[in-house]
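Each chain is listed here by its residues.
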Amino acid sequence: MVAQEFTVDLDKPLVFQVGHLGEAYEEWVHQPIVSREGPRFFENEFVESLTRTVWWAIPSIWLPVVCYCVLKSVRMGHTLPEIALMVVSGIFIWTLLEYTLHRFLFHIKTKSYWGNTLHYLLHGCHHKHPMDGLRLVFPPAATAILLVPFWNMVLLFASPSITPALFGGGLLGYVMYDCTHYYLHHGHPGNDVPKNLKKYHMNHHFRVQDKGFGITSSLWDRVFGTLPPSKMATKM
């Protein structure tokens, strides 16, 4: 007797359905549904509300924290050139972290029930519904929880006076990443730099989903050899 394949009902909350797809989840989640209206995740209204975030909440909440961190290092006696170097270093470190998380965690292959469920919540939902404007940025509550281990990690490698500005630079890099990501999906760039970046990211969603993991730039894709091929090379 052949077991019937599980079919996801898009009219019902999705999160606790996708785990049942098993090995078929990988193929299902990379077949995007292009719609500005996102799916329902949970039956519970409060839990559902936690999954939706307007893009402007990210700079509104986290830029004051960035300023506080930078000022903390200033008050500890660092000069403005030193502060600038720390902040730029933090942004640079974030770009590598952005690439690493996207490539190795967000695109991890799963097939178990809870593996599929967690992956869908983390990143799979974005690939299935890439134009869902309320799930393009990371929920602030989840970010706040993750900032604690990241702060402690920076403190392991930097002095107490350098840590705040370096951490603030990394957090600024994250804000730039999330705002850029939203713009690449819903903005209408007029000049070449953002226009090419938008094409680069849409290519990741709709053509070559196992390459092109950079969001704010293609730097680390070039360094690690995950730059997607040109359209001409793909056709050949």
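Residues numbered from 1 in each chain as written. Predicted model: local features only at pLDDT ≥ 70, side-chain atom pairs only at ≥ 80, totals over all residues. Heavy atoms only, no water.

Here helix 6 (residues 113-128) contains 16 residues, and its C-alpha end-to-end distance of 17 Å is more than 12% below the 22 Å for a straight helix at 1.5 Å per residue. Its maximal kink placed at Tyr-120, helix 6 deviates by approximately 65 degrees. The set of residues buried in helix 6 consists of Gly-115, Asn-116, Thr-117, His-119, Tyr-120, His-123, Gly-124, Cys-125, His-126, His-127 and Lys-128. On the buried face of helix 6, the contacting elements are helix 1 (15-18), helix 2 (25-29), helix 5 (80-105), helix 8 (163-186) and helix 9 (192-206). (Helix = DSSP H or I, 4+ residues; strand = E, 2+ residues; numbered from the N terminus. Expected span 1.5 Å × (residues − 1). Bend = angle between axes of the 7 residues up to and from the residue. Buried < 20%, exposed > 50% of the residue type's maximum accessible area, 1.4 Å probe, protein only. Contact = heavy atoms within 4.5 Å.)

In this model, helix 5 (26 residues) spans 36 Å end to end at C-alpha, consistent with the 38 Å of a helix rising 1.5 Å per residue. Buried positions along helix 5 lie against helix 4 (57-75), helix 6, helix 8, helix 9 and helix 10 (219-224).

The next point concerns the packing of aromatic side chains. Under the defined criterion, the tally for this structure stands at 14 aromatic pairs. Taking the centre distance of 6.4 Å and the plane angle of 35 degrees together, the rings of Tyr-25 and Trp-28 count as tilted. Placement of the pair is Tyr-25 and Trp-28 together in helix 2, with a separation of 3 residues, close to one helical turn. The pair Tyr-25 / Trp-28 is uniform in exposure class, with both members buried. Between the aromatic rings of Tyr-99 and Phe-213, the centroid separation amounts to 6.1 Å while the plane-to-plane angle is 80 degrees, which identifies the pairing as edge-to-face. In this pair, Tyr-99 sits in helix 5 while Phe-213 sits in the loop between helix 9 and helix 10, placing the two residues 114 residues apart along the sequence. In this structure, Tyr-99 and Phe-213 share a single accessibility class: buried. Through successive ring pairs, a cluster of aromatic residues spans Phe-92, Tyr-99, Phe-213, Trp-220 and Phe-224. (Phe/Tyr/Trp six-rings, centres within 6.5 Å; stacked < 30°, edge-to-face > 60°.)

Scanning all chains against the criterion turns up 7 salt bridges. Taking the shortest distance from any N to any O, the salt bridge between Asp-9 and Lys-12 comes out at 4.0 Å. The class for Asp-9 is partly exposed, based on a relative accessible area of 28%. Glu-48 serves as the salt-bridge partner of Arg-52, at 3.0 Å between the closest nitrogen and oxygen. (Salt bridge = Lys/Arg side-chain N within 4 Å of Asp/Glu carboxyl O.)

A separate point is the UniProt feature "domain: Fatty acid hydroxylase" (unreviewed entry) in the protein. Here the UniProt feature "domain: Fatty acid hydroxylase" (unreviewed entry) sits at residues 88-226. The span residues 88-226 shows a helical share of 70% and a strand share of 0%, and its end C-alpha atoms are spaced 25 Å apart. (UniProt positions renumbered as here; feature names shortened; annotations may be inferred.)

Right, let's talk about the UniProt feature "transmembrane region" (unreviewed entry) in the protein for a bit. As recorded in UniProt, the feature "transmembrane region" (unreviewed entry) lies at residues 53-71 and 83-101. Helix makes up 79% of residues 53-71 and strand 0%, and the two end C-alpha atoms of the span are 28 Å apart.

This next bit is on the packing of helix 4 against helix 8. The contact between helix 4 and helix 8 brings their axes to 8 Å, and the two run at 160 degrees. With respect to helix 8, the element helix 4 is oriented roughly antiparallel. Once helix 4 is placed against helix 8, the crossing between them reads as left-handed. Only Pro-164, Ala-165, Phe-167, Gly-168, Leu-171, Leu-172, Tyr-174, Val-175, Asp-178 and Cys-179 of helix 8 make contact with helix 4, whose side of the interface consists of Ile-58, Pro-59, Trp-62, Leu-63, Val-65, Val-66, Cys-69, Val-70, Lys-72 and Ser-73. Residue composition of the contact of helix 4 with helix 8, grouped by class: 16 nonpolar, 2 polar and 2 charged. (Axes fitted to C-alpha atoms, helices over the stretch in contact; angles between N-to-C directions. Parallel < 35°, antiparallel > 145°, perpendicular 65-115°, else oblique. Left-handed = near helix turned anticlockwise from the far one by under 90°. Nonpolar A, V, L, I, M, F, W, Y, C, P; charged D, E, K, R; others polar.)

Residues Phe-92, Ile-93, Leu-96, Leu-219, Val-223 and Phe-224 make up a contiguous nonpolar surface patch of about 530 Å² in total accessible area. Mapped by element, the contributors of at least two residues to the nonpolar patch are helix 5 and helix 10. By the secondary structure assignment, Phe-92 is in helix 5. (Patch = residues over 30% accessible without salt bridge, like charges linked within 9 Å, V, L, I, M, F, W, Y side chains within 5 Å. Areas by Shrake-Rupley, 256 points an atom, 1.4 Å probe, with all protein chains shown as cover.)

Considering soluble globular proteins, one finds that nonpolar side chains tend to be buried as a cluster. Core analysis: the biggest nonpolar cluster contains 25 residues, and Ile-58, Trp-62, Ile-83, Leu-171, Tyr-174 and Tyr-177 have the highest contact counts within it. Contributions of two or more residues to this core are made by helix 4, helix 5, helix 7 (140-157), helix 8 and helix 9. Broken down by element, this core gets its largest block of residues, 8 residues, from helix 8. When neighbours within four sequence positions are excluded, Tyr-177 is seen to be in contact with Trp-94, Glu-98, Phe-106, Ile-215 and Thr-216. In terms of nonpolar packing, the next biggest core, distinct from the first, is built from 12 residues, Val-18, Tyr-25, Val-29 and Phe-42 among them. (Core = buried A, V, L, I, M, F, W, Y, C linked by side-chain atoms within 4.5 Å.)

Before going further, it helps to examine the side chain of Thr-143. Examined against the element boundaries, Thr-143 turns out to sit in helix 7. In this view, Thr-143 contacts Trp-62, Phe-138 and Tyr-174; residues no more than four positions away in its chain are not counted.

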